[in-house]
Amino acid sequence: MVFTATMLIFTAAFLVPLVWVVLGAMKPPAELARVPPTILPETWVPETYAQAWNYMDLGRFFLNTLVVAIGAWAVQLAVAVPAAYALSKLRPLLGNVILGLMLATLMLPAAALLVPMYLTISDLGLLNSPAAIWLPAAANAFNIYLLKRFFDQIPRELLEAATIDGAGPIRTLINIVLPISRPILAVVSIFAVVAAWKDFIWPLLVFSDPAKQTLSVALQRFAPDTPINLLLAGLVLAGLPMVALFLAFQRHILAGLTAGGIKG
């Protein structure tokens, strides 16, 4: 009984704000400002979503954000997978020290890294370029640690058998390790895409050109001069892809987070 009540409370705490935003976007501005607020719209205005899309030119910013998110995902996997594989299976000299230094970066406040990262990106001439998001995203110690922990569970005998058959480290990684690691790759991919999609401070700093800004930055820029119902509709539209992504891959996410070994 206590467990059920707790689950209902937590579910309501997450769902009520989402439902309020979805319904609020379909209310006229005057009804949104009413005190006390209405739960269901007295006047339904579902066309608000189409109006928000056109008013704020959200298609452009969706495309910008999609480019940033896909690039960040690809670069993170290209860096994190080989790094985790090397630390787990190739056992380089001082590998544990390197991993420890990587994990130590998780202790640093994100705000403390903004200035050196900005100066580096500026010196490289990458401002207003998607690469300004992609390159810093590659240095993700948490994803490397997740991958390494999963790779540690892969039996060494399996890799030794591939070596006996003439497979080198790269071929073993591609043909043996990656197919086994689909659950954890799904988890890391979700983390990478969601982090790039919802990030605000860093894109705000590196994208001074309004035409190249991401959704989170563009919505903040439009906020002062946009009717509240259109702004809420924009927020709902901006969040829909990530909700759909989670619902589509939730089984893989749970499998990756709970994977503790390889079943024979």
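Residue positions are counted from 1 within each chain, in the order its sequence is given. Only residues with pLDDT of 70 or above have their local features reported here, since the model is predicted, and side-chain atom pairs are shown and tallied only from 80 upward, although totals for entire chains, interfaces and linings are computed over all residues. With hydrogens and water stripped out, all remaining heavy atoms of the structure feed into the side-chain values.

(A) Quick look at the packing of helix H4 (residues 58-90) against helix H8 (residues 141-152). Here the axes come from fitting lines to C-alpha atoms, over the contacting stretch only for helices, and the angles between their N-to-C directions go from 0 to 180 degrees. A run of H or I in DSSP becomes a helix once it reaches four residues, and a run of E becomes a strand once it reaches two; helices and strands are each numbered from the N terminus. Where H4 contacts H8, the two axes come as close as 8 Å, and the packing angle between them is 45 degrees. Judged by the angle between their axes, H4 and H8 are oblique. For the element pair H4 and H8, the recorded crossing hand is right-handed. Of the residues in H8, those touching H4 at Gln 76, Ala 80, Val 81, Ala 83, Ala 84, Tyr 85, Leu 87, Ser 88 and Lys 89 are Asn 143, Ile 144, Leu 147, Lys 148, Phe 151 and Asp 152. Each residue gets one of three labels, nonpolar for Ala, Val, Leu, Ile, Met, Phe, Trp, Tyr, Cys and Pro, charged for Asp, Glu, Lys and Arg, and polar for the others, Gly among them. Here the contact of H4 with H8 is built from residues that sort into 9 nonpolar, 3 polar and 3 charged. Roughly parallel here means an angle under 35 degrees, roughly antiparallel means over 145, roughly perpendicular means 65 to 115, and every remaining angle is called oblique. Should the near helix be turned anticlockwise from the far one by less than a right angle, the crossing is termed left-handed; should it be turned clockwise, right-handed. Any two residues having at least one pair of non-hydrogen atoms within 4.5 Å are treated as being in contact.

(B) Spotlight on the side chain of Thr 38. Within the secondary structure layout, Thr 38 lies in the loop between helix H2 (29-32) and helix H3 (48-55). Side-chain polar atoms of Thr 38 contact the side chain of Glu 31, separated by 2.8 Å. Beyond its immediate stretch of four places on either side in the chain, Thr 38 contacts Lys 27 and Glu 31. Side-chain atoms alone can form a polar contact between residues adjacent in sequence; in general such a contact is a pair of N or O atoms within 3.5 Å, and within protein one must be able to donate a hydrogen while the other accepts it.

(C) Fine view of the packing of helix H5 (residues 95-104) against H8. Taken N-terminus to C-terminus, the directions of H5 and H8 make an angle of 135 degrees; their axes are 8 Å apart at the nearest point. Compared by their axis directions, H5 and H8 come out oblique. For the pair H5 and H8, the crossing hand works out as left-handed. Between H5 and H8, the residues in contact are Leu 99, Met 102 and Leu 103 and Ala 141, Ile 144, Tyr 145 and Lys 148, respectively. Classifying every residue of the contact of H5 with H8 gives 6 nonpolar, no polar and 1 charged.

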